[in-house]
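Remarks on the overall topology
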Amino acid sequence: MSALELSVLEIARRVRSGDLVALDVAQECLQAIKRAAPLNAFLHVSEAQVLETAARIDARRARGEPMGPLAGAPIAIKDALCTRDAPTTAGSKILTRSATGAGWRPPYDATAVERLRRADALIVGKTNLDEFAMGSSNENSAFGPVLNPWDRTRVAGGSSGGSAAAVAAGLVPGAIGSDTGGSIRQPAALCGVVGVKPTYGRVSRYGLIAFASSLDQVGPLTYDTRSAAQVLEVIAGHDPLDSTSSTAPVGKYVDACGRDVAGLRIGVPEEYFQEGLNPEVERNVREAIDLLTDRGCHIQSVSMPHTRYGVATYYILATAEAASNLARYDGVRFGLRDEPHAGGVTAMYGATRDAGFGPEVKRRILLGTYVLSAGYYEAYYKKAQKVRTLVKRDFDSVFGQVDVLIAPTSPTPAFRLGEKTDDPLSMYLADVFTLPTSLAGVCALSVPCRPTEAVGAEPSLPVGLQLMAPAFCEERLFSLAATWEQMAPKASRLGPPPQLALKGVSPN
Ligand code: GLN
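Just so it is clear, the structure is predicted and the values come from calculations on it, not from any experiment. (Residues numbered from 1 in each chain as written. Predicted model: local features only at pLDDT ≥ 70, side-chain atom pairs only at ≥ 80, totals over all residues. Heavy atoms only, no water.)

Focus: the overall build of the protein
Along its length, the protein carries 17 helices and 13 strands. In terms of overall dimensions, the protein is globule-like: its C-alpha atoms have a radius of gyration of 22 Å, near the 23 Å expected for 508 residues. Counting over 508 residues, the protein shows a buried share of 60%. Of the contacts formed within the protein by residues at least 6 apart in sequence, a portion of 77% connects residues at least 24 apart. With the model as given, the accessible surface of the protein reaches about 18,800 Å², and the carbon-plus-sulfur share is 53%. When the 52 positive and 53 negative side-chain charges of the protein are each reduced to one mean point, those points stand 3 Å apart. (Helix = DSSP H or I, 4+ residues; strand = E, 2+ residues; numbered from the N terminus. Rg over C-alpha atoms; globule rule 2.2 N^0.38 Å. Buried < 20%, exposed > 50% of the residue type's maximum accessible area, 1.4 Å probe, protein only. Contact = heavy atoms within 4.5 Å. Areas by Shrake-Rupley, 256 points an atom, 1.4 Å probe, with all protein chains shown as cover. Lys, Arg positive; Asp, Glu negative; His and termini not counted. Charge placed at Lys NZ, Arg CZ, Asp CG, Glu CD.)

Structure below.
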């Protein structure tokens, strides 16, 4: 049996007990990544470092030294997080040096990465993403789209598409993503894996390349809920290097996975089941809700009337913050520098940014600059801040009546590559169910439910069930998701990952 059929938790357990050799795990993982190159999930593989780390873990184990909770488990990192031993591109050409073509090498690790290393995880490489995490399909990457392992004519979702596809294809049992408006949950849903967006402030963003700082969060993507819980336990917690990281104690997420959910009050927001929702997604999500009733959960319908303003509000605030955050890419401090013959430093800024940023990033910088400009600030930015408060109040109010909310993660299964690239608005609407939680700063998770039926030559596609809970109540999400995973109808489970890898990316 391949080690890559095992979860993060199981690999770590076996490496600690000596049943599994970390170096074997590392080698299998590197081979699987090579075989799956057509998926385009990885932008960089840290081959030498992974082998070295794995050998060191095996040597420490042989000496009887204590091992970390993720001992020998391969974890891939979205290329929006800084890693000291690998280039960091954010999916953009602007971080690539013009002269050498080499990617920017940060002199430090993001806190989440450092904590994973301390827990003895194997940091195998950097995964593809939409440029600066702006997108819902990975088609905005300067390095080409990621293909969905279930159907290579379809998108893997975004912006953490490389992380989601790598886990779904069985290349790694776990990965790290970032979620500003859905970028962990939506690709997790479209690829059929578990993805967690922790509460704003739960995980340090130190070393995460900033997109929209009032929304960005780092979180795990894994085959199974328990492993997501374990990875979150490792990366969560206060960090003096990120003033927005919370000092609230980290929950016992793995223990929460065994907890009984009988009596849990689950709200079903009616605004998430309206026009635009794919009927098969609706049917499969409702099936899951019905099955949870059998577990003693109390289901009740709730209303969140400001849901429909989520997309507009998010795309004003996120673009405003992005325009400010991306001002630092000026050809002086990082990567690319394009120097025209005349025009001095101003021309250099312009030429560098023109050559370095892709069309979606430029669109957002323009939108963001517009909504912040004198005369429009009040009408757009300030108003959006007020609506954000209303969206948050919807959550405060329903969480007075229910413990958890359930809804679809994405209105449709994975769409076709190219289907939405000419229509930014339809792409933005793909985020309609993930944006409100981000605006409210609460926590949410996507777990697979029954995939769509295969029809003729059309393969079955994953569907994600989104669970949402109040700020710092991640334990509730894990209890419910783990219960659901246990009872999920057979068809809603992923096949063993390597089978998927073979189906999606045949080595021949
Ligand atoms: N798809 C959303 C966007 O394009 C969210 C991205 C994210 O969460 N990073 O902005």
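Now, onward.
A closer look at the sheet that holds strand E6 (residues 174-179)
Strand order across the open sheet formed by 11 strands is E1-E3-E2-E6-E8-E7-E12-E13-E11-E9-E10, with mixed pairing between neighbours. Where the open sheet ends on each side, the last strands, each with one partner, are strand E1 (42-45) and strand E10 (298-302). Sheet twist, expressed as the average angle between the axes of neighbouring strands with direction ignored, equals 25°. Inspection of the sheet shows strand E7 (residues 194-197) paired to strand E12 (residues 443-449) by three bridges, in the antiparallel sense. From the neighbouring strand, Lys 197 faces E12, where its bridge partner is Ala 444. (Pairing = 2+ DSSP bridges. Axes fitted to C-alpha atoms, helices over the stretch in contact; angles between N-to-C directions.)

Quick notes on the site of the ligand
Taken together, 15 residues sit near the ligand, with Thr 180, Gly 181, Ser 183, Tyr 314 and Arg 364 positioned nearest. Ser 136 places a side-chain nitrogen or oxygen 2.8 Å from a nitrogen atom of the ligand. Look at the ligand: alone it shows 300 Å² of surface, and the protein chains cover 100% of it. Within the shell around the ligand, the residues separate by chemical class into five nonpolar, seven polar and three charged. (Near = heavy atom within 4 Å. Polar contact = N/O pair within 3.5 Å; in protein donor to acceptor, adjacent residues only side chain to side chain. Nonpolar A, V, L, I, M, F, W, Y, C, P; charged D, E, K, R; others polar.)

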